[in-house]
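Architecture at a glance
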Amino acid sequence: MTKSTEHKPALVPTAQQAGAAQALWLWAKPCVWTIRMLTALFARVEGMKWFRLFDKVFSEKSLLVAFQQVARKKGACGVDHVTVDEFDRRLPESIWELSDQLKAGTYRPQSVRRVNIPKPGTTETRPLGIPTVRDRTVQAAIVNVIEPIFEVDFAKHSYGFRPKRGCKDALRRVAKLISEGYVHTVDADLKSYFDTIPHDRLISRLGHKIADGSVLSLIQLFLEANIMDGGQEWTPTAGAPQGAVLSPLLSNIYLDPLDHLMAKAGFEMVRYADDFVILCRRPEDAQRALELVRSWVAENELTLHPAKTKIVDSRTEGFSFLGYTFKGHDRVPREKSLKKLKETIRQKTRRTSGDSMAFIVNNLNQTLRGWFASFQHIRPPWIFRDLDGWIRMRLRSILRKRIGGRGRGRGADHNKWKNSFFAKLGLFSLVTARAMVVQSSLR
C-alpha cells in the first residue's frame, strides 16, 4: 500500500465508500486485495504509488490461486516438458519451492518455447510464446497483484483483456458510433506490436504506480527470458511474448497513454489490445487523428504498418475490426474469418468420411457453437441462413454417396433427408441460435 495510506489512516474513505469499492472490484483476488487496499485504490489519490507488493506475489496462498487459474486454461507444456497435470500431482512441493525461491531471490524464469501458429485465412504465421507452467503460475500471481492498480485508471474505450469487458462490447461501441454519423475511420495497425514494446519504457511506465523494486525486477526477468525457437535460443531486447500470462496486461499498460491522449483530443477511439480504430464525423478530423497517432507511435518506439494503416469511409469502403467487416449498415464476418470456417467444415464433412452421421454432427457442433459465439451479431442475418443451408447440403452429399449417388446433395435429397432430420440429430442451427439471442434481448 502507499506510504500516505499507511501513515495517515484518516485519509481512508468511510465504510460506505469501502463497500462501493468492494462491489466495484469483485473480480480482484481476495487472497491479495483486502477491503482496506481496495478502499485506498478506490480513493484514486493523485500520484499514489504502491509499496511492499512482493510479499503478496510469493505468498503460498497467492501462488496456489494463480496455479488454479493456469490449470483452468490447460495449455501446452514449456521447455521443461512439465504439463499442468504433472505440476498438479506434486502441487504442495511445487508451490513451496516457488515461494521459497521468490523470497530468497533465487527464482529465474525458464526459456519461453516459441511456436508459430497460422493466421486465419492467410499463409502467414503469428509467433506464440509458451512459458513453463511454473512461470505461468508466477506471472498469474503478479497479474493478480498489480492489475487492479492499473485497471482503475484505464480508459473506458479499451476493451481487450480486461475484467467484465470483451470483444462484443467493443463491437457494440463501434456500431453505435457509426450509427451516430462517425463514418470516417482511422483503421490502424501496429506492426509486430507484442514483439516491439520497448522494455525500458515499459518498466518506467510500471514505475509510475509501483514503487516495489522486487516486483519490477521480477517483471524485467520475464521480459528478458530467453526465447527457444526451434533449435535456436536467444535473448529478446524488446517485446512481451504473446501467450505469456503477463503480456496482455503489459500491452494495455503501454498503450494506455495513447488511449488518454486520444480521449483528451476529443477523438472516439475503440481499442482491443493492439487492434484499434478511431471513428470521426469528418475526413479532416480522421486525418488529424492519424497524424496524432503517428506522432505518439514514433515517440514511443513503435511502428504503424504502412500498408494496413489507412483512413476509410465506412459507407463505401468499409473496414475490418475484431473479425468483422463494417460497411454501411452491415456488420459481416471478415472474408478471412468466413473462409477459415468453411475450410474447417469441409474437413469435417468429407464425402468419404466413414464416421456415423451422429459423430459428424457432434464434431461440427463444436466448431459452429464457437464460431457463433464470436459472430452472433452479424447483420444482415441471412448469412446464417445461407451457412445453415450450405452445411446441410454437405451432410446430404455424404448420405447421397453412401447409397451410391454421385455429386452434391440436391433435388430429391431435400425430401429424403429433410431439415428436421438433421435437427433430430442435434445439428446446431445458426438461424435458430440467432433467433434465441434476439428473443432474449427483447425480454
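Use the structure listed above.
Residues numbered from 1 in each chain as written. Predicted model: local features only at pLDDT ≥ 70, side-chain atom pairs only at ≥ 80, totals over all residues. Heavy atoms only, no water.

**A short note on the pattern of salt bridges**
What counts, and what does not: Each reported salt bridge corresponds to a side-chain nitrogen of Lys or Arg within 4 Å of a carboxyl oxygen of Asp or Glu. Throughout this description, buried means an accessible area under 20% of the type-specific maximum (1.4 Å probe, protein chains only), exposed means over 50%, and partly exposed covers the range between.
This model, assessed by the stated rule, comprises 20 salt bridges. Close ionic contact of Arg315 with Asp313 constitutes a salt bridge, the shortest N to O distance being 2.9 Å. Of the residues examined, Arg315 reaches a relative accessible area of 52% and is grouped as exposed. Of the residues examined, Asp313 reaches a relative accessible area of 14% and is grouped as buried. Where Asp386 meets Arg385, a salt bridge forms, and the shortest distance between an N and an O atom there is 3.2 Å. Residue class for Asp386 comes out partly exposed when judged on its relative accessible area of 38%. Each of Arg282, Glu284, Asp285 and Arg288 takes part in one network of salt bridges that share partners.

**Let's talk about the pairing of strand E10 (residues 324–327)**
On any regular strand, side chains alternate: one points to one face of the sheet, the next to the other face. Selection rule: Helix numbering and strand numbering both begin at the N terminus, where a helix is a DSSP run of H or I of at least 4 residues and a strand a DSSP run of E of at least 2. At least two bridges found by DSSP between two strands is the condition for calling them paired.
Taking every second residue as pointing to the same face, the buried face of E10 carries Tyr324 and Phe326, while none of Thr325 and Lys327 on the other face is buried. The sheet contact formed by strand E9 (residues 319–321) and E10 spans three bridges and is antiparallel. The partner of Phe321 across the bridge, within E10, is Tyr324. In this antiparallel pair of consecutive strands, E9 and E10, the connection spans two residues, and Leu322 shows a positive phi of 55°. Relative to strand E11 (residues 330–333), E10 runs antiparallel, the two being bridged by four bridges.

**Some thoughts on the sheet that holds strand E3 (residues 184–189)**
What counts here: Only the contacting stretch of a helix is used when fitting its axis, a line to C-alpha atoms as for every element, and angles between N-to-C directions run 0 to 180 degrees. We call two residues in contact whenever any of their non-hydrogen atoms come within 4.5 Å of each other.
Pairing in this open sheet of four strands is antiparallel, and the strands run E6-E7-E3-E8 from one edge to the other. Two strands close off the open sheet at either side, each with one partner strand: strand E6 (268–272) and strand E8 (310–313). Across the sheet, the mean angle separating the axes of adjacent strands is 20° when strand polarity is ignored. Pairing analysis gives four bridges linking E3 to E8, with the strands arranged antiparallel. What sits directly across from Val186, in E8, is Ile311. Sitting on the sheet, helix H9 (residues 167–179) touches E6 and strand E7 (275–280), and the angle it makes with E6 is about 160°.

**Some remarks on the environment of Gly409**
For Gly409, the location among the structural elements is in the loop between helix H17 (382–402) and helix H18 (413–416). Distance from Gly409 to Val115, taken between C-alpha atoms, is 40 Å for residues 294 residues apart in sequence. Residues contacting Gly409, with those up to four places away along its chain left out, are Met393, Arg396, Ser397, Arg400 and His414.

**Some words on the environment of Val115**
Here Val115 lies in strand E1 (residues 112–118). You can call Val115 partly exposed: its relative accessible area is 24%. Sequence-distant contacts of Val115, that is, excluding residues within four places in its chain, are made with Arg126, Pro127, Leu128 and Ile130.

**Things to note about helix H12 (residues 213–223)**
Put simply, the rule reads: To obtain the arc, one takes the directions from the helix axis to the C-beta atoms. Any pair of N or O atoms that falls within 3.5 Å is considered a polar contact. Within protein, one atom must be able to donate a hydrogen and the other to accept it, and sequence-neighbouring residues count only if both atoms are side-chain atoms.
Those residues of H12 that sit buried are Val215, Leu216, Leu218, Ile219, Phe222 and Leu223. Buried positions in H12, seen along its axis, are confined to an arc of 160° and lie on one side of it. Where the residues of H12 are buried, they touch helix H4 (54–58), helix H7 (91–104), helix H8 (133–151), helix H11 (199–207) and helix H13 (247–264). For H12, the capping residue at the N-terminal end is Asp212, with a side-chain oxygen 3.0 Å from the backbone nitrogen of Ser214.

**Quick word on the sheet that holds strand E5 (residues 232–234)**
Read across the sheet, four strands follow the order E2-E1-E4-E5 without closing on themselves; strand pairing throughout is mixed. Whereas interior strands pair on both sides, the edge strands pair on one side only; in this sheet they are strand E2 (125–130) and E5. Across the sheet, the mean angle from the axis of one strand to that of its neighbour is 35°, orientation sign disregarded. With three bridges connecting them, strand E4 (residues 227–229) and E5 associate as antiparallel partners. The partner of Ile227 across the bridge, within E5, is Trp234.

**Side note on the nonpolar core**
Test applied: Put simply, buried Ala, Val, Leu, Ile, Met, Phe, Trp, Tyr and Cys residues joined by side-chain atoms within 4.5 Å make one nonpolar core.
The biggest cluster of nonpolar side chains holds 76 residues, and the ones touching the most others in it are Ile146, Leu206, Ile219 and Ile278. The dominant element in this core, judged by the number of residues it contributes, is H8, at ten residues. Counting 45 residues, the second largest nonpolar core, distinct from the first, contains Phe321, Trp371, Ile398 and Phe422.

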